[in-house]
Amino acid sequence: MNEHPTKIKIAISIGDYNGIGPEVILKSLAEKEITDFFTPIIFASTKLLNFHKDILKLDRIYLQGIPHASKAVEGKINVVNLWKNPIETHFGQSTKEAGEYAYQSLKAAAEAVLEGHADVLVTAPINKDNIQSEIFQFPGHTEYLGKVWGGSPLMFMVSDDIKVGLVTQHVPLQEVVHNITPKSVEEKIKQIQNSLIRDFGIEKPKIAVLGLNPHAGDNGLLGKEEQEILLPIIDKKREQGHIVLGPYPADSFFTPHNLHAFDAVLAMYHDQGLTPFKTIAFEEGVNFTAGLPFVRTSPDHGVAYDIAGKGIANQASFREALFMAVEIYRKRNEYEVLTKNVLKPMKIKVEKGDESE
């Protein structure tokens, strides 16, 4: 057995460098022993990161410039130099250039994982507006990675205290109801179950389903989606032996008792699930994209233009994203090993004259 296995390699995309992305990345990697746990590979340029490092006065960080992810060095903070030209940072501003470079970083980082040069991906926040182009026409990271990696992505917001999945993700509110269907709800329940088992080691997951309407429809008085769509699916899952309960009124569900009783919550739309999640787990919450062939995590906050360049951004969520990516990767590998080596029943041939039972 190898006593010194190769450390997990984390591909890190820079996000919008006019926001707090570079700051939370550098602060998270500033701890002296951080490379004992994994090998970071940032996709940007040493010039850009050194500029941010100098502003933050992080003198202890040494950046190892490399030409390609395959050249990453263990024990170093590696930077794949995607750009040789100087890049001007405009803190707190949304610029077309920042969006273009954010896309280039994300594309290169995702490809490095796909090609096996990195094991997992951690993304810094992008501006969903300035990153749009003829090439990038996606609502966010989740949908883009579903396209380039394959799979059926699920936005899964996770922390030690709360895990929330969404039926609809980046969808305008007026379109949410049209996307709540028996098929979409059942698919998301299945994705959450699979992720809890495979990625978090929970053998028999308990899942709570929130209602779409106020008071979960009040028996049809405030909407019929609960009775016509959600309840039949919940009953079906329970008949199949799964622990799926609801629909619960969203305004009263998020209590310590309920969160302790369930392993995950399925919300119908973005703000229904993310508002309570970010209130409960803002500093340590992580956005995990389940349902993909590779692990991707990110912090649960955005570019935060209002505090960019001030050195006051909290890196806790990004740091959690790094370590959670490592933990999920290990859990997933353990699951694959365990399920691959399950003993199969064997037929025993009894010889003639053998009277033993």
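We now turn to the structure provided with this report. Quick caveat, the model's predicted, so the values are computed rather than measured. (Residues numbered from 1 in each chain as written. Predicted model: local features only at pLDDT ≥ 70, side-chain atom pairs only at ≥ 80, totals over all residues. Heavy atoms only, no water.)

### Structural notes on the overall build of the protein
Rule in force here: Elements are defined by DSSP. Helices are runs of H or I of four residues or more, strands are runs of E of two residues or more, and each kind is numbered from the N terminus. With C-alpha atoms as the basis for the radius of gyration, the globule rule is written as 2.2 Å multiplied by the number of residues raised to the power 0.38. A contact between two residues is defined here by any heavy atoms of the two lying within 4.5 Å. Throughout, the Shrake-Rupley method with a 1.4 Å probe supplies accessible areas, and for residues the shown protein chains are the sole cover considered. None of His or the chain ends enter the tally, which takes Lys and Arg as positive and Asp and Glu as negative. Charged groups are reduced to one reference atom each: NZ for lysine, CZ for arginine, CG for aspartic acid, CD for glutamic acid.
A count of helical and extended segments in the protein gives eleven helices and twelve strands. What you see for the protein is a C-alpha radius of gyration of 23 Å, in line with the 21 Å of a compact globule of 357 residues. Across its three principal directions, the C-alpha atoms of the protein cover 75 × 70 × 40 Å. Look at the contacts in the protein between residues 6 or more apart in sequence, and 74% of them connect residues 24 or more apart. Accessible surface, the protein: about 18,200 Å² in total, of which carbon and sulfur atoms supply 52%. Across the protein, 38 positive and 46 negative side-chain charges occur, with their mean positions spaced 6 Å apart.

### Here's the deal with the nonpolar core
In plain terms, the rule: Definition used in this section: a nonpolar core is a set of buried Ala, Val, Leu, Ile, Met, Phe, Trp, Tyr and Cys residues joined via side-chain atoms within 4.5 Å. In this scheme, a residue with accessible area under 20% of its type's maximum is buried, one over 50% is exposed, and one in between is partly exposed, where area comes from a 1.4 Å probe on protein chains only. For each domain, the first and last residues come from an automatic or database assignment.
Residues Leu 29, Ile 42, Phe 156 and Val 185 are the most contacted members of the largest nonpolar core, which totals 65 residues. When we break this core down by domain, the ones giving at least three residues each are domain 1 (1–152 + 293–339) and domain 2 (154–291). Apart from residues lying up to four places away in sequence, Ile 42 is in contact with Ile 12, Ile 14, Ile 25, Leu 29, Leu 49, Ile 77, Asn 78, Val 79 and Val 80.

### Focus on the pattern of salt bridges
Threshold: Counted as salt bridges are all cases of a side-chain nitrogen of Lys or Arg within 4 Å of a carboxyl oxygen of Asp or Glu.
This structure, assessed with the given rule, holds eight salt bridges. In this structure, the salt-bridge partner of Lys 206 is Asp 263, at a minimum N-O distance of 3.8 Å. Of the two residues, Lys 206 is situated in strand 8 (residues 206–210) and Asp 263 in the loop between helix 9 (256–261) and strand 10 (264–267); the sequence distance between them amounts to 57 residues.

### Digging into the pairing of strand 6 (residues 154–158)
The cut-off we apply is this: In this scheme, strands are said to pair when DSSP sees at least two bridges between them.
Within strand 6, five of the five residues are buried, which leaves the element mostly enclosed by the surrounding structure. Across the two faces of strand 6 the burial is the same, with Leu 154, Phe 156 and Val 158 and Met 155 and Met 157 all buried. As defined by bridge partners, strand 6 adjoins strand 7 (residues 163–166) across three bridges and the pair is classed as antiparallel. The partner of Met 157 across the bridge, within strand 7, is Val 164. Linking two consecutive strands that pair antiparallel, namely strand 6 and strand 7, is a turn of four residues.

### Some thoughts on unusual backbone geometry
At the junction of Gly 246 and Pro 247, the peptide bond is cis and its omega measures out at -5° in the coordinates. Positive phi is not limited to glycine here, since Ala 304 has a value of about 50°. Position of Ala 304 among the secondary structure elements: in the loop between strand 12 (295–299) and helix 11 (316–340).

### Things to note about helix 7 (residues 225–239)
As a reminder of what qualifies: Expected span of a helix, by definition, is 1.5 Å for each gap between consecutive residues, and there is one gap fewer than residues.
With 15 residues, helix 7 should reach 21 Å at 1.5 Å per residue; the first-to-last C-alpha distance of 20 Å fits that figure. Turning to helix 7, its buried residues number three or more, namely Glu 225, Glu 226, Ile 229, Leu 230, Ile 233, Ile 234 and Lys 237. At its buried positions, helix 7 is contacted by helix 5 (173–179), helix 6 (182–200), strand 8 and strand 9 (243–248). Of the residues one or two after helix 7, Gly 241 is the one with positive phi, at around 95°.

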